[in-house]
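One-letter residues, chain by chain:
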Amino acid sequence: MADNADDDDGFILPTDAFVEVLLRLPTSSRRRFRLVCKRWRGIIDERTPERRSRAKILAFFSEAGASRAVVLDEDGDDEQEWRFRSSCIDCRTYEYGAVVRLVGTCNGLLCLRDYLPLPCHRIGTTIAVVNPVTGEESAAIPCPPESLSWDYRGGYRRIVEFSFGYHPTTGKYKVVHVSCTSEPPNKRLEIDSVQVLTLERKPEWRSVPVPVLTMDTSYHDTGGVVTVDGSTYWLNARADRVAALDLGDDDERVASFAAPPCLEVLQVPKVATCQLTTVHGRLGVLVSRQQPAMTEAAKVDVWVLEGGGGRRRPPRWSRRWSILQPIAAWQGRWVMSPHFTHGEYVLSKQERHQSWQDCERWLYGRKVGDLASGSGKDAELWPLEGVEAIIMRTGDEDGGVVTFPYVETTEPLPI
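Per chain, residue numbering runs from 1 following the sequence as it is written. Given that this is a predicted model, residues contribute local features only at a pLDDT of at least 70 and side-chain atom pairs are listed and counted only at 80 or more, while totals for whole chains, interfaces and linings are drawn from all residues. The side-chain values count all of the structure's non-hydrogen atoms but skip hydrogen atoms and water molecules.

1. Observations regarding the overall build of the protein chain
No. 1: Helix numbering and strand numbering both begin at the N terminus, where a helix is a DSSP run of H or I of at least 4 residues and a strand a DSSP run of E of at least 2. Tallying secondary structure elements over the protein chain gives 5 helices and 29 strands in all.
No. 2: Note on classification: 1.4 Å probe, protein chains only; a residue is buried when its accessible area is under 20% of the maximum for its type, exposed when over 50%, partly exposed between these limits. Per-residue burial for the protein chain yields a buried fraction of 53% across its 415 residues.
No. 3: Relative to all contacts within the protein chain whose residues are 6 or more apart in sequence, the contacts with residues 24 or more apart total 50%.
No. 4: Here, Shrake-Rupley sampling with a 1.4 Å probe gives the accessible areas, and only protein chains in the shown set may cover a residue. Surface summary for the protein chain: the accessible area is close to 20,600 Å², and the carbon and sulfur share equals 49%. What makes two residues a contact is simply this: any of their non-hydrogen atoms within 4.5 Å.

This is the structure we're talking about:
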């Protein structure tokens, strides 16, 4: 008989029988059961298939009419490819063609945003969640009215960001929508709406209050919105504070904590730019600035949140690496967010316009050392093996490419 999986709570069940029970549960339930005790976490990590699988790169190519998601194996070869067509019947007959964009991935599920042309040149958007392996897809959910981005002459503009996340304790999937606007003469973006959508039987958008008196409600336009381990983050305009929305709270509230200390010295964005990202499952901030004595390289400091950042614990930031990035046009640029590192590689992309209508989009990997172990801490790293082309696709000039981690699953949709 197998060893008994007993603990201090008196739980006694043969380990093999316990594993058989776990394998009959949805993967989302197994993730929550990892939090019960150390022994359960060890069994689930060692004996269930999902925990043994390593995240792969999902490259999402957006273009008018139909977009493509390509999953790459460890060698960079195409493993799977899916196409996602806009719900607009005749997309190319409009001045603004409909296009499907990827909001994010969580546990093998893809959250898609469909831009739909409407009369009077307005753009409507919807959200849907799909499991490309099983082919299951949710019904389209209309986005809030504030989900339309625009930029007018004179300084009037609106930036809209979406993020897709999963909270390991509650087991719930949520979509976060952040809208901010600026008006002359003040060009600084101010957040005017934060809304959350829980993926459940009757999903509805809920407004989240942003405390004006206790935190800066401005928004850093190059920082982006990133969800990591059940919390959604963005930067304020000065990039000295990180706003945090805990997706596990029933009464969802926005708090904030200090950003990496270097940002105050650098006077972002005057002499540097910064962007939120994920670095091996943790929140990261990438600070890019051109070196005064080097015209062919820019320095990218990689800061990682090692702990804290909650309501009672101050954040602990560490500068993991400083990577010297070649800035020649032909060498492309970093894929800053939200999937920056993949094993020993950082990702970059390049666009080559073949005509006024067609564009080649290349995805590259640059090996920069053992990022996972942190052996390059506080070191300046050049790419060790140059540039490796991973994938190329041709599309229209209005499209783009983003990358996310992806783990295949047969889990049913939560909606």
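2. Describing the sheet that holds strand β17 (residues 241–246)
No. 1: Here, any two strands with at least 2 DSSP bridges between them count as paired. The strand order across the open sheet built from 4 strands is β15-β16-β17-β18, with neighbouring strands paired in antiparallel fashion. Only two strands of the sheet have a single neighbouring strand rather than two, namely β15 (226–228) and β18 (254–258). When strand polarity is set aside, the average angle formed by the axes of neighbouring strands in this sheet is 30°.
No. 2: Bridging between strand β16 (residues 231–235) and β17 involves 5 bridges; their strand directions are antiparallel. Paired with Ser231 across the two strands is Asp246, which belongs to β17. Here an axis means a line fitted to C-alpha atoms, over the contact stretch when the element is a helix, while the angle between two N-to-C directions is reported on a 0 to 180 degree scale.

3. Concerning the packing of helix α1 (residues 15–23) against helix α3 (residues 38–47)
No. 1: Interaxial distance between α1 and α3 falls to 11 Å at its minimum, and their mutual angle equals 70°. When the axes of α1 and α3 are compared, the pair comes out roughly perpendicular. As for the relative orientation of α1 and α3, their crossing is right-handed in sense. Only Arg39, Trp40, Ile43, Ile44 and Arg47 of α3 make contact with α1, whose side of the interface consists of Thr15, Asp16, Phe18, Val19, Leu22 and Leu23.
No. 2: A per-class count over the contact of α1 with α3 returns 7 nonpolar, 1 polar and 3 charged. For classification purposes, angles smaller than 35 degrees are called roughly parallel, those larger than 145 roughly antiparallel, those between 65 and 115 roughly perpendicular, and all remaining angles oblique. Put simply, a crossing is left-handed when the front helix is turned counterclockwise from the back one by less than a right angle, and right-handed when it is turned clockwise. Residue type decides the class: Asp, Glu, Lys and Arg count as charged, Ala, Val, Leu, Ile, Met, Phe, Trp, Tyr, Cys and Pro as nonpolar, and the leftover types, Gly among them, as polar.

4. Side note on the nonpolar core
No. 1: As used here, the term nonpolar core means buried Ala, Val, Leu, Ile, Met, Phe, Trp, Tyr and Cys residues forming a set that is joined through side-chain atoms within 4.5 Å. If you look at the biggest cluster of nonpolar residues, it comprises 19 residues, and the most contacted ones within it are Tyr233, Val242, Phe257, Leu283 and Trp317.
No. 2: For this core, the secondary structure elements donating two or more residues are β15, β16, β17, β19 (273–279), β20 (282–290) and β21 (297–307).
No. 3: With 3 residues, the top contributor of residues to this core is β20.
No. 4: If near-sequence neighbours (up to four positions away) are discounted, Leu283 is found in contact with Val228, Tyr233, Val242, Phe257, Leu276, Thr277, Trp303, Val304, Leu305 and Trp317.
No. 5: Ile141, Leu197, Leu199 and Trp205 belong to the second largest nonpolar core, which has 18 residues in total.

5. As for the environment of Asp396
No. 1: Among the secondary structure elements, Asp396 is positioned in strand β28 (residues 387–396).
No. 2: The spatial distance from the C-alpha of Asp396 to the C-alpha of Ser62 is 8.8 Å, given a sequence separation of 334 residues.

6. Observations concerning the packing of aromatic side chains
No. 1: Any two of the Phe, Tyr and Trp rings considered here, Trp counted by its six-membered ring, make a pair once their centres fall within 6.5 Å; the pair's planes then place it as stacked at under 30 degrees, edge-to-face at over 60, or tilted in between. For the coordinates displayed, the defined rule picks out 8 aromatic pairs.
No. 2: Between the aromatic rings of Phe18 and Trp40, the centroid separation amounts to 4.9 Å while the plane-to-plane angle is 50°, which identifies the pairing as tilted. Of this pair, Phe18 sits in helix α1 while Trp40 sits in helix α3, and the two are 22 residues apart along the sequence.
No. 3: The class for Phe18 is buried, based on a relative accessible area of 4%.
No. 4: Trp40 sits in the buried class, given a relative accessible area of 14%.

7. Some points on the environment of His177
No. 1: Secondary-structure assignment places His177 in strand β11 (residues 173–183).
No. 2: Sequence separation of His177 and Ser163 is 14 residues, and the distance between their C-alpha atoms is 6.8 Å.

8. With respect to the confidence of the model for the protein chain
No. 1: pLDDT is a residue-level measure of predictor confidence that goes from 0 to 100. The share of residues in the protein chain with pLDDT of 70 or more is 74%, and the mean pLDDT across the chain is 77.
No. 2: In this model, residues 1–8 is a region of pLDDT below 50 whose contacts with residues beyond four sequence positions or in other chains number 21 contacts.
No. 3: Across residues 370–378, confidence stays below pLDDT 50; counting only partners more than four residues off in sequence or on other chains, it has 20 contacts.

9. Describing the pattern of salt bridges
No. 1: Counted as salt bridges are all cases of a side-chain nitrogen of Lys or Arg within 4 Å of a carboxyl oxygen of Asp or Glu. Applying the stated rule across the entire model yields 7 salt bridges.
No. 2: With a closest N to O distance of 2.9 Å, Arg68 and Glu63 form a salt bridge.
No. 3: With its nearest N and O atoms 2.8 Å apart, the salt bridge here joins Glu306 to Arg320. Highlighted residues: Glu306 in strand β21 and Arg320 in strand β22 (residues 316–326), separated in sequence by 14 residues.

10. Notes on α1
Three or four residues apart is the spacing at which side chains of an α-helix point the same way, because the helix has 3.6 residues per turn.
No. 1: Every buried residue belonging to α1 is among Thr15, Phe18, Val19 and Leu22, and all of these are buried. On an axial view of α1, the arc spanned by its buried residues comes to 100°, and they lie on one face. Here the arc refers to the directions that run from the helix axis out to each C-beta atom.

11. A few points about the pairing of strand β29 (residues 400–406)
No. 1: Buried residues dominate β29, accounting for 5 of its 7 residues.
No. 2: Examined bridge by bridge, strand β1 (residues 56–62) and β29 share 7 bridges and lie antiparallel to one another. For Ile57, the partnering residue across the bridge sits in β29 and is Pro405.

12. Focus: unusual backbone geometry
No. 1: Of note in the backbone geometry, Asp229 takes a positive phi value of approximately 50° without being a glycine.
No. 2: Locating Asp229 in the fold gives a position in the loop between β15 and β16.
No. 3: Despite not being glycine, His280 shows a phi value in the positive range, around 50°.
No. 4: Looking at the element boundaries, His280 is found in the loop between β19 and β20.

13. What to know about the state of the cysteines
No. 1: For this text, the term disulfide refers to a pair of cysteine sulfurs within 2.5 Å. Scanning all chains against the criterion turns up 0 disulfides.
No. 2: Cys111 takes part in no disulfide bond, and the closest cysteine sulfur to it belongs to Cys143, at a distance of 8.4 Å.
No. 3: Look at Cys111 and you get buried, because its relative accessible area is 0%.

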